[in-house]
Amino acid sequence: GVGMGMTAPVSITAFPAEDGSFQQKVKVSLRIPSQFQDSPPCPTDESIKIEERQGMTIYSTQFGGYAKEADYVSYAAKLKAALGSEAAYRKDFYLCNGYDPPMKPYGRRNEVWFVKE
């Protein structure tokens, strides 16, 4: 019964298929606001889980506009190409992050993150 509002970023964990497209399974994560960090409200929907995301080092690229799946896939491919074969990062998933509310038409920020191994 507690409203927390939206937070940024909205983070989607994508599990890429062989061709780079998203598999059907994705995980959407929202940051719990600071005032609720120590004692988050208990979800009433059992499909919602509270997880603590550990610190991580990431490789990242940023782009603008209203991001669609194809945009995240494209920028993930560009990031992969830029990193080459020397960088060690998780290949089984990557994170797609959006920072802006839907009603913001300009200056939008989106990012693709690869988690360093």
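Residues numbered from 1 in each chain as written. Predicted model: local features only at pLDDT ≥ 70, side-chain atom pairs only at ≥ 80, totals over all residues. Heavy atoms only, no water.

Where an unreviewed UniProt entry is consulted, the protein chain appears under the name Heme-binding protein 1, with the organism given as Prunella fulvescens. If you open the UniProt record of the protein chain and go to Function (unreviewed entry), you find "May bind free porphyrinogens that may be present in the cell and thus facilitate removal of these potentially toxic compound. Binds with a high affinity to one molecule of heme or porphyrins. It binds metalloporphyrins, free porphyrins and N-methylprotoporphyrin with similar affinities." Per UniProt, the protein chain carries the Subunit (unreviewed entry) text "Monomer." (UniProt positions renumbered as here; feature names shortened; annotations may be inferred.)

> Honestly, the pattern of salt bridges in this entry has me stumped. Any pointers?
Between side chains of opposite charge, pairing is possible as soon as their charged atoms come close. In the structure shown here, the tally under the stated rule is five salt bridges. Between Lys68 and Asp71 there is a salt bridge, with the nearest N and O atoms lying 3.4 Å from each other. Given the relative accessible area of 22%, Asp71 is considered partly exposed. As a salt-bridge pair, Asp100 and Lys104 come within 3.1 Å of each other at their nearest N and O atoms. (Salt bridge = Lys/Arg side-chain N within 4 Å of Asp/Glu carboxyl O. Buried < 20%, exposed > 50% of the residue type's maximum accessible area, 1.4 Å probe, protein only.)

> Help me out: how do you make sense of the nonpolar core in this one?
In summary, soluble globular proteins display a tendency toward joint burial of nonpolar side chains. Membership of the largest hydrophobic core comes to 13 residues, with the highest contact counts inside it found for Phe22, Tyr72, Leu83, Tyr94, Cys96, Val112 and Phe114. Mapped by element, the contributors of at least two residues to this core are helix H1 (69–83), strand E4 (94–98) and strand E5 (110–115). It is H1 that provides the largest number of residues to this core, a total of four residues. (Core = buried A, V, L, I, M, F, W, Y, C linked by side-chain atoms within 4.5 Å. Helix = DSSP H or I, 4+ residues; strand = E, 2+ residues; numbered from the N terminus.)

> Explain the packing of aromatic side chains here, please?
Each aromatic ring pair is summarised here by two numbers: the centre-to-centre distance and the angle between the ring planes. Scanning the entire structure with this criterion turns up five aromatic pairs. With a centroid separation of 6.3 Å and an interplanar angle of 75 degrees, the aromatic rings of Tyr59 and Tyr89 are classed as edge-to-face. Here the residue Tyr59 occupies a position in strand E3 (residues 58–63), and Tyr89 occupies one in the loop between H1 and E4, the gap between them amounting to 30 residues. By relative accessible area, which is 4% here, Tyr89 ends up buried. Seen from their ring centres, Tyr94 and Phe114 are 5.7 Å apart, and the 65 degrees between their planes marks the pair as edge-to-face. Placement of Tyr94 in strand E4 and of Phe114 in strand E5 is noted, with a sequence separation of 20 residues between them. (Phe/Tyr/Trp six-rings, centres within 6.5 Å; stacked < 30°, edge-to-face > 60°.)

> Hey, could you run me through the layout of surface pockets in this one?
To find leftover empty space, a probe the size of one water molecule is rolled over the atoms. Taken as a whole, the largest pocket spans an internal volume of roughly 1,300 Å³. Put simply, the parts of the chain that give the lining of the largest pocket at least two residues each are strand E1 (10–16), strand E2 (22–30), E4 and E5. Among the elements that line the lining of the largest pocket, the one with the most residues is E2, at four residues. Considered class by class, the residues forming the lining of the largest pocket number 21 nonpolar, twelve polar and eight charged. (1 Å grid on protein atoms, 1.4 Å probe; cavity = no way out; pocket = protein on both sides within 12 Å on 5 of 7 lines; lining within 4 Å. Points joined across faces, edges and corners; volume = space filled by probe spheres on them. Nonpolar A, V, L, I, M, F, W, Y, C, P; charged D, E, K, R; others polar.)

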